[in-house]
Amino acid sequence: MNRAIVRRITPNIRTWRSTLKTFCSDTSEKLHGSHGDKAVTDSTDNVPQYDVAIVGGGMVGMAFACSLASMPLTKHLNVAIIDSNPALLARDNIKKEDAPDPRVSTVTPATISFFKGMGAWQYVQLHRHAFFDRMQVWDYTGLGYTRYSARDVDKAVLGCVVENKVLQRSLLSCMEDSDVKKKIYPSRLNSMTLHKSSLLSGTDSISSEPSGSLAKLNLSDGDCLYAKLVVGADGSKSHVRKLAGISTTGWKYPQNAIICTVEHTEDNRCAWQRFLRTGPIALLPMGDNYSNIVWTMDPQQAADRRSMTEADFLKAVNDALDDGHGPRPQSERIGDGGILAWLRSDETSSASEHFEVPPRITKLASDRMVFPLSLMHANNYVSKRVVLIGDAAHTVHPLAGQGVNLGFGDANSLSRVIAEGVAVGSDIGEMTLLKRYESERKAANIAMMAILDGFQRAYSIDFGPLNVLRAAAFHGVNYISPLKKNIISYASGEQRLPLFT
Amino acid sequence: MASKLLLSQLRNITRPTHHRLINPNFIFLLKNQTLIHSRPYSDAPQPPPVGSKPSPTNADSAPTHKKISSSLNQAELAKFSAIAETWWDAEGPFKPLHVMNPTRLAFIRSTLCRHFGKDPYSAKPFEGLKFVDVGCGGGILSEPLARMGATVTGIDAVEKNINIARLHADLDPGTSSIEYLCTTAEKLVEEQRKFDAVLALEVIEHVAEPAEFCKSLSALAVSGGANVISTINRSMRAYATAIVVAEYLLHWLPKGTHEWSSFLTPEELVLILQRASISVQEMAGFVYNPLTGKWSLSDDISVNFIAYGTKNIE
């Protein structure tokens, strides 16, 4: 009780002294603000205070937390993770015998090295994951195809296909094994306010200084907490983004995607993508004769194909992958001996590979799920004490498997910017620091989104001359080695911007 | 340059209240009470390097009124909370200083970590060390140093700045332990305070007697302690950039903030530090890239430069 009285009197004494004070006279006046008893959690209303509050414990949010935990400069930060998903607190293991979950992501080599740097990749390796080193892209016109190989850029793999829940669980295990101070709040965020630090809240009306205050988060189960920085990693319908008042630009694609896991007889180590009239179908290897299908089409067809019988669906899939909708491309090679042989002097090894037919799908191994597709980009990634990463900041078309990789890039960049801020003693929620993250990532994200959107539009029009142009593009990329190498390294995340790095 | 005249007049008015104690330098100061070019002895307002400070003339006029009547106190508080916003408003008039701050902190961190033998990857490398920030202004340097673990004392002769600094530091529990004093380096020396590191960034170009000032800084440091001083070079390039461009073209600073003749060249600084028994170990320059708007450390000491020295062991 005495302490409460002292707390009320102390602010009053300070204001009284500061009003009386005129000049700095000879006896140098000491202006001690705190009188010692201000611990981190010692606020007038006993609300816990964290350095970073991550709203959304999905893959990107957990990657960010794990990255903070793995760097010496940031591992002392108090982290709160707010996500109502019970899987975060559950401790049951993922069983190997289960068929793979249809929700998978293709992880690029840049993301793999990010994970390795955090020490999280070893956890991913304990579960099912499938590397692939070849890729084939063609379309329904049968006029051209492109084959990519990891050997073109002297690497061993082009990417790895991992289930989302494996990624999330691995990141969680990695965090738990480190000694970072974290707390998981199993609830949703209700509201968020910028709040003055408790010491000043009882004093006079000196105007609040937003740069010096904390963010107060109110959760749905009644808890509340303070944080210096709020990280919105809560997906495309981000609540944090709405609360921060950040507007977005974007449009819905007139397409939905069906995803499912299928089985086939042969082993598959290649990623296949065929562009049909209504959208691309992709077959991604998952190991153990399983593969993942991502098939984009218009919403009505998606609904039909979801509800048709398994046998019909499998037939539709095989048609889409093989020779329904259009002929197979010929395995042509330009300058096959003779005058034009000089054109192939600097060829990549994959340019000499023949067109292959994808494996025949024999069985459906999971439910079919349908998702709407859209392009979205937040106009700002940062606001006072709030920063957005992952799908909360941008969503893209899945046609190149880049969505979550952009999110991991955001997490990597933000954690490094925060480490640099801590190194020079900055307040981590300060706009100047956060804007450095934004300038780094915005350019890269917008470039990738523009390219993917361009591809989506280019492949959605069925028009004779345009088809020929696309075929020429297929051939061109296949045979012009510098272009192919550039594309591979850009899509692998090794290059930040296309063409000019 | 009417504003400069006003500035120097105000310095004359305020000076007597800062130096009630008779000290040998007082007579020296009386002699120097010229209106045109007065360089008050280390108690000038501390504007940031090529950052900007909102009209110091208006700010300085406030204390004089305070002495006259106490009925203006509420108005003063309101006025200074308005100014408090801009000191710490990263997008406001102090923006260039906020942008430059991480660069000078990077230099300070790397040299002082080496000096004290601390782990540069630790989040709080200066835990347990006592630092003094001479001419701290609103505390833009003191707060990051406190977050890096140091026990910081910030001193400034302008009381307004101290109040602003105190208000802002209280907002973050990590910085609320900073001791802010409205005093001068000489007074601290008289009180026989000693610190492990003495920092005086962008102060020495506003001091009447740089040699004497350096002697005070040296006296504040423990034997073998560190000193960090940053200032602007007295070169043609500095005249062109820090004065013509920053004050007249871009209006980053009010006109008359810097006086070219009171800049020091690096050689002069090293010499007066040597006479104050501080040996300069490292020096670096700050370079501003107008295209990216970023400052960076470089070997180019022709405009802004920073020097790290150690006090000779007695």
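It should be noted that the structure appears before, not after, this text.
Rules behind the numbers
- Counting starts from 1 at the beginning of each chain's written sequence and moves along it residue by residue.
- Starting at A for chains and at 1 for ligands, labels are handed out in the order in which the entities are written.
- Selection of residues for local features in this predicted model requires a pLDDT of at least 70, selection of side-chain atom pairs for listing and counting requires 80 or more, and totals for whole chains, interfaces and linings are taken over all residues.
- Side-chain numbers here rest on the full set of heavy atoms in the structure, without hydrogens or water.
- Segments assigned H or I by DSSP are reported as helices when at least four residues long, segments assigned E as strands when at least two residues long, and all are numbered from the N terminus.
- Each residue is assigned to one of three classes by its accessible area relative to the maximum for its type, calculated with a 1.4 Å probe on protein chains only: buried under 20%, partly exposed between the two thresholds, exposed over 50%.
- Every residue pair with non-hydrogen atoms within 4.5 Å of one another is taken to be in contact.
- Here the open area of atoms and residues is found with the Shrake-Rupley method and a 1.4 Å probe, where only the protein chains shown may cover a residue.
- In this scheme, strands are said to pair when DSSP sees at least two bridges between them.
- What makes a salt bridge here is a side-chain nitrogen of Lys or Arg within 4 Å of a carboxyl oxygen of Asp or Glu, nothing more.
- Under this scheme, a helix contributes an axis fitted over its contacting stretch, all axes are lines through C-alpha atoms, and angles between N-to-C directions fall in the 0 to 180 degree range.
- For each structure, a 1 Å grid was placed over the protein atoms alone; sets of points admitting a 1.4 Å probe that cannot get out are labelled cavities, open sets with protein on both sides within 12 Å along at least five of seven lines are labelled pockets, and lining residues have an atom within 4 Å of a point.
- Grid points are joined across faces, edges and corners, and a volume is the space filled by probe spheres set on the points.
- Throughout, the ten residues Ala, Val, Leu, Ile, Met, Phe, Trp, Tyr, Cys and Pro are labelled nonpolar, Asp, Glu, Lys and Arg are labelled charged, and all others, Gly among them, are labelled polar.
- By this rule the span expected of a helix is its residue count minus one, scaled by 1.5 Å.
- Working definition for bend: take the seven residues up to and ending at a residue and the seven starting at it, fit an axis to each, and measure the angle between the axes.

**A short note on the overall build of chain A**
Of regular secondary structure, chain A possesses 12 helices and 21 strands. For chain A, buried positions account for 53% of its 501 residues. Put simply, 78% of the contacts in chain A that link residues at least 6 apart link residues at least 24 apart. Here chain A has roughly 21,400 Å² of accessible surface; of this, 55% comes from carbon and sulfur atoms.

**A look at the overall build of chain B**
From N to C terminus, chain B includes 11 helices and eight strands. Taking all 314 residues of chain B together, the buried fraction comes to 59%. Residue pairs at least 24 apart in sequence account for 70% of intrachain contacts in chain B once pairs closer than 6 positions are excluded. As displayed, chain B offers around 12,100 Å² of accessible surface, 59% of which is attributable to carbon and sulfur atoms.

**Examining the pairing of strand β11 (residues 214-219) of chain A**
All names here are of chain A. Taken across its six residues, β11 has five buried, putting it largely inside the fold. Alignment of β11 against strand β12 (residues 224-232), held across four bridges, turns out to be antiparallel. Bridge pairing in β12 places A215 opposite A227. Following β11, the chain reverses through four residues before pairing antiparallel with β12; G222 in that reversal takes a positive phi of roughly 95 degrees.

**Some remarks on the pattern of salt bridges**
Within the structure shown, the criterion is met by 27 salt bridges over all chains. With a shortest N-O distance of 3.7 Å, A:E263 and A:K363 are connected by a salt bridge. With A:E263 in strand β13 (residues 248-264) and A:K363 in strand β17 (residues 361-364), the pair connects residues that are 100 residues apart, well separated along the chain. Measuring nitrogen to oxygen at the nearest pair gives 3.3 Å for the salt bridge that ties A:K315 to A:D319. Note that A:K315 and A:D319 are positioned in helix α8 (residues 310-321) at a spacing of four residues, about one turn of the helix. With a relative accessible area of 29%, A:D319 lands in the partly exposed category. Overlapping salt bridges, with partners in common, bring together A:D51, A:K228, B:E143, B:R147 and B:D172 in one network.

**Re the sheet that holds strand β4 (residues 104-107) of chain A**
All names here are of chain A. With respect to topology, three strands assemble into an open sheet ordered β4-β8-β5, the strand pairing being antiparallel. Two strands bound the open sheet, and with one partner strand each, they are β4 and β5 (129-132). When strand polarity is set aside, the average angle formed by the axes of neighbouring strands in this sheet is 20 degrees. When β5 meets strand β8 (residues 159-163), the two strands line up antiparallel, connected through four bridges. Counterpart to H129 in the pairing with β8 is V162.

**Digging into the layout of surface pockets**
As a volume, the second largest pocket reaches approximately 950 Å³. Within the residue set of the lining of the second largest pocket, elements represented by two or more residues are α9 (403-423) and α10 (431-458) of chain A together with α5 (95-116), α6 (142-147) and β7 (294-298) of chain B. Counting residues per element, the lining of the second largest pocket draws most heavily on α5(B), which supplies 11 residues. The residue inventory of the lining of the second largest pocket, partitioned by class, reads 14 nonpolar, 12 polar and 11 charged.

**Let's talk about the environment of A:R457**
Residues and elements named next belong to chain A. Relative to the helices and strands, R457 is located in helix α10. The exposure class assigned to R457 is partly exposed, which follows from its relative accessible area of 43%. As for R457 and S415, which are separated by 42 residues in sequence, their C-alpha atoms are 34 Å apart.

**Focus on α5(B)**
Side chains of residues three or four places apart in an α-helix project in the same direction, reflecting 3.6 residues per turn. Residue and element names in this part refer to chain B. Here α5 contains 22 residues, and its C-alpha end-to-end distance of 31 Å stays within 8% of the 32 Å for a straight helix at 1.5 Å per residue. Along α5, the largest kink reaches about 30 degrees and is centred on N101; proline P102 follows within four residues of it. Downstream of α5 by one or two residues, G117 has phi in the positive range, about 70 degrees.

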